Amino acid sequence: MTTNYIPRLYEFLRELGRRQDRQWFKENKETYDFLRAQWITDIDRLLARCAEWWPELKWQTGAGSVYRIYRDTRFSPDKSPYKTYFSASVSPRGRSSSAAHLPGFYIQAGPGKDGGATDGYEADSSGLYGGLWCPDSAVLKKLRKAIIDNIDEFEEIINEPELNRLYPEWFGPTLKTVPKGYDRNHPQAELLRLKEYGRFCQLPMEFFSDPDWPDRAAEMLRPLYPLLRFLEYSVFEE
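**Q** Just checking my understanding: could you explain the nonpolar core for this structure?
**A** Core analysis: the largest hydrophobic core is formed by 63 residues, its most contacted members being Trp39, Leu46, Tyr167, Phe208, Trp213 and Leu221. It is helix H3 (residues 29-50) that contributes the most residues to this core, 8 residues altogether.

Here it is in structure tokens:
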């Protein structure tokens, strides 16, 4: 199978971003449906490859993992109705609401929005993400304690060479100082200041235009798996 739909996808999303027009989208719905079907097929391939080393994924499907194109504008000053990227969540829970703030992988492809932000990701931030996004305060407190209590194990995970080659930095917001209850000069102050625990690898359109991108992406996500397992265990530990 070839993924030659990707340049067409980026062209479609650029035009959608410029217009943000419901009538135009309606008139081009057939094109959107075709592109979405191709994307779902590729996510199915990605899931199958990831399931080779994350067996719990074998019951997930591309259709259950891919996000809608429609933006949730209820609490946003930006009332643009459409996202300017395709995306998917890779986890044993798919993209269900219960999985929204639990450890998992996230894939995004698209040109972004006229040089501006797209729902928390920079305009050209197509790529791969793995970790725990936007945990609530109770979960974050639990994670920080788990990291400090198991710092040798955690540092061994995050210092793995292949992980740091592909994902050299933490992604997301940080506190200005260490959280309450920890010494300001704590040796793990950098880890304690994180407000979410995830890594991101930005990728260009050319990556997704490769017919083998789902296979390549699955191998690129693999080094993140030990981090996800640590985070998942820490979240659910009693």
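Next comes the rest of the write-up.
**Q** Would you mind showing me how to read the state of the cysteines here?
**A** Among covalent bonds in proteins, the disulfide is the one between the sulfur atoms of two cysteines. For the structure on display, the rule yields 0 disulfides. Just so you know, Cys50 is unpaired, no disulfide at all, and the nearest cysteine sulfur is the one on Cys201, 14 Å from it. On the accessibility criterion, Cys201 (10% relative accessible area) is buried.

**Q** Teacher, can you tell me more about the sheet that holds strand S2 (residues 104-109) here?
**A** The strands that make up a sheet are held in pairs by hydrogen bonds between backbone atoms, and each pair lies either parallel or antiparallel. Spatial strand order, S1-S2-S3-S4: 4 strands in an open sheet with antiparallel pairing. Lying at the two open borders of the sheet, with one neighbouring strand each, are strand S1 (86-90) and strand S4 (197-202). Across the sheet, the axes of successive neighbouring strands diverge by a mean angle of 15 degrees, strand direction being ignored. Against the sheet, H3 engages S1 and S2, with an angle of about 30 degrees to S1.

**Q** Can you walk me through the packing of helix H1 (residues 5-19) against H3 in this structure?
**A** In a pair of packed helices, the angle between the axes and the distance between the axes together describe the arrangement. Running from N to C, H1 and H3 cross one another at 130 degrees; their axes reach a closest spacing of 10 Å. As summarised for this structure, H1 and H3 are arranged oblique, according to the angle between their axes. Considering the relative orientation of H1 and H3, their crossing is left-handed. Along the contact surface, H1 presents Tyr5, Arg8, Leu9 and Phe12, while H3 presents Thr31, Tyr32, Phe34, Leu35, Gln38, Trp39 and Asp42.

**Q** What is the right way to look at helix H11 (residues 225-236) in this model?
**A** The α-helix advances 3.6 residues per turn, and as a result positions three or four apart in sequence lie on the same side. In this model, H11 (12 residues) spans 17 Å end to end at C-alpha, consistent with the 16 Å of a helix rising 1.5 Å per residue. Those residues of H11 not exposed but buried are Tyr225, Leu227, Leu228, Phe230, Leu231, Glu232, Ser234 and Val235. The secondary structure elements touched by the buried residues of H11 are S2, strand S3 (127-132), helix H5 (137-149), helix H6 (151-158), S4 and helix H10 (213-221).

**Q** Explain a negative patch on the surface here, please?
**A** The grouping of Asp152, Glu153, Glu155 and Glu156 at the surface amounts to a negative patch. Residue position: Glu153 is located in helix H6. A relative accessible area of 43% means that Glu153 is categorised as partly exposed.

**Q** I keep staring at the pairing of S3 and nothing clicks. Help me out?
**A** Look at any regular strand and the pattern is simple: side chains alternate between the two faces of the sheet. Within S3, 6 of the 6 residues are buried, leaving the element largely enclosed by the surrounding structure. Residues Gly127, Tyr129 and Gly131 of S3 are buried on one face, and the alternating residues Leu128, Gly130 and Leu132, pointing to the opposite face, are buried as well. Pairing between S2 and S3: 5 bridges, direction antiparallel. The residue of S3 that forms the bridge with Phe105 is Gly130. Here 6 bridges tie S3 to S4, and the two strands are oriented antiparallel to one another. Looking at S4, one finds that Leu128 is bridged to Cys201.

**Q** Is there a simple way to explain the side chain of Arg144 in this structure?
**A** Structurally, the position occupied by Arg144 is in helix H5. Here Arg144 occupies a buried position and makes no salt bridge, while the nearest side chain of opposite charge, Asp136, is found at 10 Å. Apart from residues no more than four positions distant in its own chain, Arg144 is found in contact with Leu175, Pro179, Tyr182, Leu192, Arg193, Leu194, Lys195 and Tyr197.

**Q** Help me understand H3 in this model?
**A** Counted at 1.5 Å a residue, the expected span for H3 with its 22 residues is 32 Å, and the 31 Å between its end C-alpha atoms agrees. On its buried face, H3 sits against H1, helix H2 (22-27), helix H4 (62-65), S1, S2 and H10.

**Q** What am I meant to see in the packing of aromatic side chains here?
**A** Aromatic ring pairs are defined here through the distance separating the ring centres and the angle between the ring planes. Using the criterion set out here, one finds 22 aromatic pairs in the structure. Ring geometry for Phe25 versus Tyr82: centroids 4.5 Å apart, planes at 25 degrees, classification stacked. Taken together, the positions of Phe25 in helix H2 and Tyr82 in the loop between H4 and S1 put the pair 57 residues apart, joining distant regions of the chain. Of the two residues examined, Phe25 and Tyr82, each falls in the buried class. With a centroid separation of 6.0 Å and 90 degrees between ring planes, the pair formed by Tyr32 and Phe86 is classed as edge-to-face. A residue pair is termed long-range when its members are at least 10 positions apart, and Tyr32 in helix H3 and Phe86 in strand S1 qualify at 54 residues. When its relative accessible area of 5% is taken as the criterion, Tyr32 is described as buried. Put simply, the rings of Phe12, Trp24, Phe25, Tyr32, Trp39, Tyr70, Tyr82, Phe86, Phe207, Phe208 and Trp213 pair up and form one aromatic cluster.

Thresholds applied
Residues numbered from 1 in each chain as written. Predicted model: local features only at pLDDT ≥ 70, side-chain atom pairs only at ≥ 80, totals over all residues. Heavy atoms only, no water. Core = buried A, V, L, I, M, F, W, Y, C linked by side-chain atoms within 4.5 Å. Buried < 20%, exposed > 50% of the residue type's maximum accessible area, 1.4 Å probe, protein only. Helix = DSSP H or I, 4+ residues; strand = E, 2+ residues; numbered from the N terminus. Disulfide = S-S within 2.5 Å. Pairing = 2+ DSSP bridges. Axes fitted to C-alpha atoms, helices over the stretch in contact; angles between N-to-C directions. Contact = heavy atoms within 4.5 Å. Parallel < 35°, antiparallel > 145°, perpendicular 65-115°, else oblique. Left-handed = near helix turned anticlockwise from the far one by under 90°. Expected span 1.5 Å × (residues − 1). Patch = residues over 30% accessible without salt bridge, like charges linked within 9 Å, V, L, I, M, F, W, Y side chains within 5 Å. Areas by Shrake-Rupley, 256 points an atom, 1.4 Å probe, with all protein chains shown as cover. Salt bridge = Lys/Arg side-chain N within 4 Å of Asp/Glu carboxyl O. Lys, Arg positive; Asp, Glu negative; His and termini not counted. Charge placed at Lys NZ, Arg CZ, Asp CG, Glu CD. Phe/Tyr/Trp six-rings, centres within 6.5 Å; stacked < 30°, edge-to-face > 60°.

Geometric descriptors of this kind do not, in isolation, establish any biological role.
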